Structures are given as structure tokens and as C-alpha cells.
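# Summary of structural features
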Amino acid sequence: MQKTLGTYGAVDESRELTDKRQALEAVRERIEKELVCPLKDAAKNIVFGKGNPDASIMFIGEAPGEKEDLQGVPFVGAAGKQLDSLLQSIGMTLDDAYIANILKYRPPGNRDPQPDEIARHTPYLIEQIEIIKPKVIATLGNFSTKFVLARFKVAGMKGIQGVSQLHGKPVEVSTSNAMFTVIPLYHPAAMLYRPQLREILHEDFQIMKQYL
Ligand code: URA
């Protein structure tokens, strides 16, 4: 499910991958250096992203939790286990995806992201998207779905709805420098306290697979 190779095959591919890794690393370093946000002072680690920068699909979650903050890696706790099993159910691994969050530092007690935090952190998320150039962006939960659809001003949508109305319904995004499909999904952590969402998430992952 990785992108197809260019005319010159593996040589182009690996150079592109190295460039992407370097560009992502530069963004990560800039966040550590220049982002001003109280969350940063309270957090143990930056949680920037994981996976394959050359993947066709990018998942965007909400914010790091306790385990993510400790390890500096997104989706390594309970929600991560759910995401891993959903990926497995469609024959994918972390090698086929890149995963990042709206917020790069953990909000205290896992509270919801605040508008000013979203405004400070998401310019870096946009840079991640621009570097990775995914074919599909899967938004996990309400914050991610609303941010991505509002940011890319999806035509024809009356206001920005929530994930309960939009889940599993692909939305095409076309801007002057990007074209991708957004697939809103329930957040995998929601399966933990609403087991009835398990089947819906599995169905939506099957839909998502068709767009890769
Ligand atoms: N939930 C998220 O949205 N992101 C993580 O990294 C972990 C849990």
C-alpha cells in the first residue's frame, strides 16, 4: 500500500523517503525550539509522529495521553492497541501508515484540546501533511475531523458536522497544492467505552481501504 515507484524505481523512492525524514525532523526540532505553549512546559516529551513518512495514509488523532507523553510516541497506550488491531484487520501495519496528532504535547489529565492550543500546534501538523503528501487522511475523532475539514474548507459542506454524522463517508479535498481524500473515523479509544462502535469502526476501516 505504499506509493508506486517513479520511473527510476527504488533510487527515487529512497531519496524521497530520506528527504521526507529530514524535513519531518526539521519540523520536530522547530517545535521544540520555537513553540510557545503552556502544555509544553508541563509535558515530559514532545509527541510528534510515527510510522512511514512515505505511506499513502496519514492518521490524525487528538492529543497524547500519559503513555505517549512518557515515551514521546503517539498511540502507544490503550487507544494505540485498538488502532493496531483495526489496522491489522485490513492487513496493514505501521509500515503502511504515518500517525500524528492535533496536539504535540499532552493536555493535563487528558482534557480536551483548547482552541488556542489547536491554533498554536496545528501549523506544524499542516507541515507534516505537506511533507508526507498522503493520498488519504483518516481523522480520528471530533477534534481531528473538525480541524481538517475546516482547514481545507471542504466545498459543499453545510457547516462542520461531527464524526457521528461523518464517519465512514469519504470527502475529497482539492486545493491549489494538494489533493487527498479525508475519511472521518470514530476515535479508536471510543471503542473502549462504547463497544457498539467496534463494528462501525471495522466497517469504516474496510471503506477506507478502498481509497488506498
Ligand atoms: N489518543 C490520541 O488521539 N493520540 C494519541 O497519541 C494517543 C491517544
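The structure under discussion appears in the preceding block.
Let me begin by describing the structure that accompanies this report. For every chain, the first residue of its written sequence is number 1, and the numbers climb from 1 along that sequence. Only residues with pLDDT of at least 70 get local features here, since the model is predicted, and only at 80 or more are side-chain atom pairs given and counted; chain-wide, interface and lining totals rely on the full set of residues. As a convention, hydrogens and water are excluded, and side-chain values are obtained from all of the structure's heavy atoms.

## Here's the deal with the layout of surface pockets
Estimated volume of the largest pocket: approximately 580 Å³. What lines the largest pocket is a set of 27 residues, and nearest its centre among them are Glu 62, Ala 63, Ala 79, His 187 and Ala 189. Labels follow the DSSP assignment, with helices taken as runs of H or I lasting at least four residues and strands as runs of E lasting at least two, numbered in each case from the N terminus. Of all the secondary structure elements, the ones that give two or more residues to the lining of the largest pocket are helix H3 (66-71), helix H4 (78-89), helix H6 (142-151), helix H7 (163-166) and helix H8 (190-193). Under this grouping Gly is polar, as are all residues other than the nonpolar Ala, Val, Leu, Ile, Met, Phe, Trp, Tyr, Cys and Pro and the charged Asp, Glu, Lys and Arg. For the lining of the largest pocket, a count of residues per class yields 13 nonpolar, eight polar and six charged. Lining residues are those with an atom within 4 Å of a point, where the points come from a 1 Å grid over the protein atoms alone and group into cavities, where a 1.4 Å probe fits but cannot get out, or pockets, open sets with protein on both sides within 12 Å along at least five of seven lines. Lining the second largest pocket, in full, are Ile 126, Ile 129, Glu 130, Lys 133, Pro 134, Arg 151, Phe 152, Thr 175, Asn 177, Ala 178, Met 179 and Phe 180. Contributing elements (two or more residues each) for the lining of the second largest pocket: helix H5 (115-132) and strand E6 (178-185). A class-by-class count of the residues in the lining of the second largest pocket yields seven nonpolar, two polar and three charged. Grid points are joined across faces, edges and corners, and a volume is the space filled by probe spheres set on the points.

## Things to note about the sheet that holds strand E5 (residues 171-175)
At least two bridges found by DSSP between two strands is the condition for calling them paired. Reading across the sheet, the six strands line up as E1-E3-E2-E4-E6-E5 and stay open at both edges, with mixed pairing between neighbours. Since the sheet does not close on itself, it has two edges, and those belong to strand E1 (50-51) and E5, each with one partner. As judged from the five bridges shared by strand E4 (residues 136-140) and E6, these two strands associate in the parallel manner. Within E6, the position partnered with Thr 139 by the bridge is Pro 184. Whether two residues are in contact is decided by their heavy atoms: any pair within 4.5 Å suffices. Lines fitted to the C-alpha atoms define the axes, with helices restricted to the stretch that makes contact. Angles between their N-to-C directions range from 0 to 180 degrees. The strands touched by H5 within the sheet are strand E2 (57-61), strand E3 (97-101) and E4, with E2 carrying the most contacts at an inclination of about 170°. Contacting E2, E4 and E6, helix H9 (residues 197-209) crosses the sheet at an angle of about 165° to E6.

Remember that the coordinates give geometry; whether it matters functionally is a separate question.
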